[in-house]
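Here are the chains, one letter per residue:
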Amino acid sequence: MMPASSSPIRGSYTLAEILSQPEVWRSCLRGLAEDAAFQTMRKKAGTRRPWLFIGCGTSFYLAEAAAGSWSLLTGQPARALPASEVLLFPQSAQLAEQDLQAVIISRSGRTSEALRAADLLRGKYKIATLGITCAPQSELEKTCELTIALPAADEQSVVMTRSFTSMLLALVGLAAQGAGLPGISSSLETVETALASSIEDWNGRVASFIAGHSFADYVYLGQGPFFPMAREAALKVTEMSHSYAQAYHTLEFRHGPKSIVAPQTCIAFFLSQSGMQAETEVLLEMKDLGGTIVSICDRASEAVRRASDVLFELRAGVSEPFLLAPFIVPAQLLGYHTGVKKHLNPDEPKNLSRVVLLD
């Protein structure tokens, strides 16, 4: 039961966990400096080998974001698959690739499909396996050769928020260290500090934005490593508010899907630095078509600033892979406040359980 002094919204597990992310990142990053598996994998991360990232649900979108970041930071080939694809279609998963390194992601370390995929990869295909989880001494740790655990990021909530961002930052940091890039600690500290200074304001602005709008559709758009963020954002609003949401590559939205755009369409743009000009052209077009625009970026141009109904700027000035984790936070808040407005409890989303366990 919540203390009498706590408000029902601020006292919820989900909101508290979303708002705790800066301090949790700080704790997790300190822990990685002493994590034996993380330090061992730094050496492997610097070798030329293909990487395969595997997860289910939010952990699969995390895998996609990690794979995209890995390729950008290291120049090594990396890809992502749902655990179910590895189990059901191993022939198309290219598991015979030489020197393949697999990373299996599971917040609980108990997800059945993730565990079965890890067992198949290690047992039948003799593939090196690294687990990443928020649960120490989990089944995943028993199944994989090495496992990185981030217990500070674990959650009481069903919906993954801080666990997603913390595990993603750990993998981005691992890639950057493997690539020998300078200023890694500084970049990680910068995004943590930038989010810490913004997150309460963002929370208030999302609450006000949702209070003043009613939406029939939610659309999330991103390119490159930001496309998995769009997919994860769509999942958050679906899980927490039972809303209909879609994700597309930003420029692909012009090719048919824009037919749904109307004032009751919430269109959220994850704006990259490298694709800003082309992405802004799409944003302006959707504004002209009547869409309600949410913009998430590091630094906004004047055109983006004018066209956005609500704008979230991080102003961290770091390379794009380090921006992925903080950029998802406005989308987490959007899902949460939409659910609360619809008189739902985001702590207990319908039809969902914290861990998917199969017989």
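Residues numbered from 1 in each chain as written. Predicted model: local features only at pLDDT ≥ 70, side-chain atom pairs only at ≥ 80, totals over all residues. Heavy atoms only, no water.

## Structural notes on the sheet that holds strand β3 (residues 101-105)
Consideration 1: Pairing in this open sheet of five strands is parallel, and the strands run β2-β1-β3-β4-β5 from one edge to the other. Unpaired on one side and paired on the other, β2 (78-82) and β5 (146-149) mark the two borders of the sheet. The mean angle between the axes of side-by-side strands here comes to 20°, regardless of whether they run parallel or antiparallel.
Consideration 2: Sheet topology note: the strand β4 (residues 128-133)/β5 ladder contains four bridges and is parallel. Counted as the bridge partner of Thr133 is Ala149 from β5.
Consideration 3: Helix-sheet contacts for helix α8 (residues 162-178) involve β1 (51-55), β3 and β4, and the interaxial angle to β4 is about 140°. (Pairing = 2+ DSSP bridges. Helix = DSSP H or I, 4+ residues; strand = E, 2+ residues; numbered from the N terminus. Axes fitted to C-alpha atoms, helices over the stretch in contact; angles between N-to-C directions. Contact = heavy atoms within 4.5 Å.)

## Some words on the nonpolar core
Nonpolar side chains in soluble globular proteins tend to end up buried together.
Consideration 1: Counting 84 residues, the largest nonpolar core has Phe53, Tyr220 and Phe270 as the members making the most contacts within it.
Consideration 2: The residues touching Phe53, leaving out its near neighbours within four places in the chain, are Ala63, Ala66, Ala67, Trp70, Ala78, Arg79, Ala80, Leu81, Val103 and Leu171.
Consideration 3: Counting 18 residues, the second-largest nonpolar core is a separate cluster that includes Ile54, Leu95, Leu100 and Cys144. (Core = buried A, V, L, I, M, F, W, Y, C linked by side-chain atoms within 4.5 Å. Buried < 20%, exposed > 50% of the residue type's maximum accessible area, 1.4 Å probe, protein only.)

## What about the layout of surface pockets?
If you roll a probe as big as a water molecule over the atoms, it shows you where there is empty space left.
Consideration 1: Of the pockets and cavities examined, the second largest pocket occupies roughly 330 Å³.
Consideration 2: Around the second largest pocket, the lining comprises 16 residues; the ones closest to its centre are Leu29, Arg30, Ala33, Ser185 and Leu188.
Consideration 3: Looking at the lining of the second largest pocket, the elements with two or more residues in it are α2 (21-32), α3 (36-45), α8 and α9 (184-211).
Consideration 4: A per-class count over the lining of the second largest pocket returns seven nonpolar, four polar and five charged. (1 Å grid on protein atoms, 1.4 Å probe; cavity = no way out; pocket = protein on both sides within 12 Å on 5 of 7 lines; lining within 4 Å. Points joined across faces, edges and corners; volume = space filled by probe spheres on them. Nonpolar A, V, L, I, M, F, W, Y, C, P; charged D, E, K, R; others polar.)

## Considering helix α10 (residues 227-241)
Given 3.6 residues to a turn, an α-helix orients residues that are three or four positions apart in the same direction.
Consideration 1: End to end, α10 covers 21 Å across 15 residues, agreeing with the expected 21 Å (1.5 Å per residue, within 8%).
Consideration 2: Every buried residue of α10 is listed here: Phe227, Pro228, Met229, Ala230, Glu232, Ala233, Ala234, Lys236, Val237, Glu239, Met240 and Ser241.
Consideration 3: Just beyond α10, the residue with positive phi is His242, at close to 55°. (Expected span 1.5 Å × (residues − 1).)

## Quick word on empty space enclosed by the protein
Consideration 1: Summed over all chains, the structure comprises one cavity of 30 Å³ or more.
Consideration 2: By volume, the largest cavity is sized at about 60 Å³.
Consideration 3: Lining the largest cavity, in full, are Val206, Phe209, Tyr220, Ala268, Val294, Ile296, Val310, Phe312, Pro330, Ala331 and Leu334.
Consideration 4: Contributions of two or more residues to the lining of the largest cavity are made by α9, β9 (292-297), β10 (310-313) and α14 (329-341).
Consideration 5: The element that contributes the greatest number of residues to the lining of the largest cavity is α14, accounting for three residues.
Consideration 6: Its residues assigned to classes, the lining of the largest cavity shows 11 nonpolar, no polar and no charged.

## Structural notes on the pairing of strand β6 (residues 217-222)
Consideration 1: Across the six residues that make up β6, a large majority, six, are buried.
Consideration 2: Of the two faces of β6, the one carrying Asp217, Val219 and Leu221 and the one carrying Tyr218, Tyr220 and Gly222 are both buried.
Consideration 3: For β6 and strand β8 (residues 265-270), the ladder comprises six bridges, and the chain directions are parallel. For Val219, the partnering residue across the bridge sits in β8 and is Ile267.
Consideration 4: With α10 bridging β6 and its parallel neighbour strand β7 (residues 245-249), the resulting β-α-β unit is right-handed. (Right-handed = clockwise from strand over helix to strand, strands pointing away.)

## Section: the sheet that holds β6
Consideration 1: Overall, parallel pairing links the five strands, which are arranged β7-β6-β8-β9-β10 in an open sheet. Two strands close off the open sheet at either side, each with one partner strand: β7 and β10. With strand direction ignored, the average angle separating the axes of adjacent strands in the sheet is 15°.
Consideration 2: Bridge count for β6 against β7 is five bridges, and the pairing is parallel. In the strand pairing of β7, Val219 is matched with Gln246.
Consideration 3: With respect to the sheet, α9 is in contact with β8, β9 and β10, its orientation differing from that of β10 by roughly 165°.
Consideration 4: Against the sheet, α14 contacts β6, β8, β9 and β10, and its axis sits at roughly 175° relative to β6.

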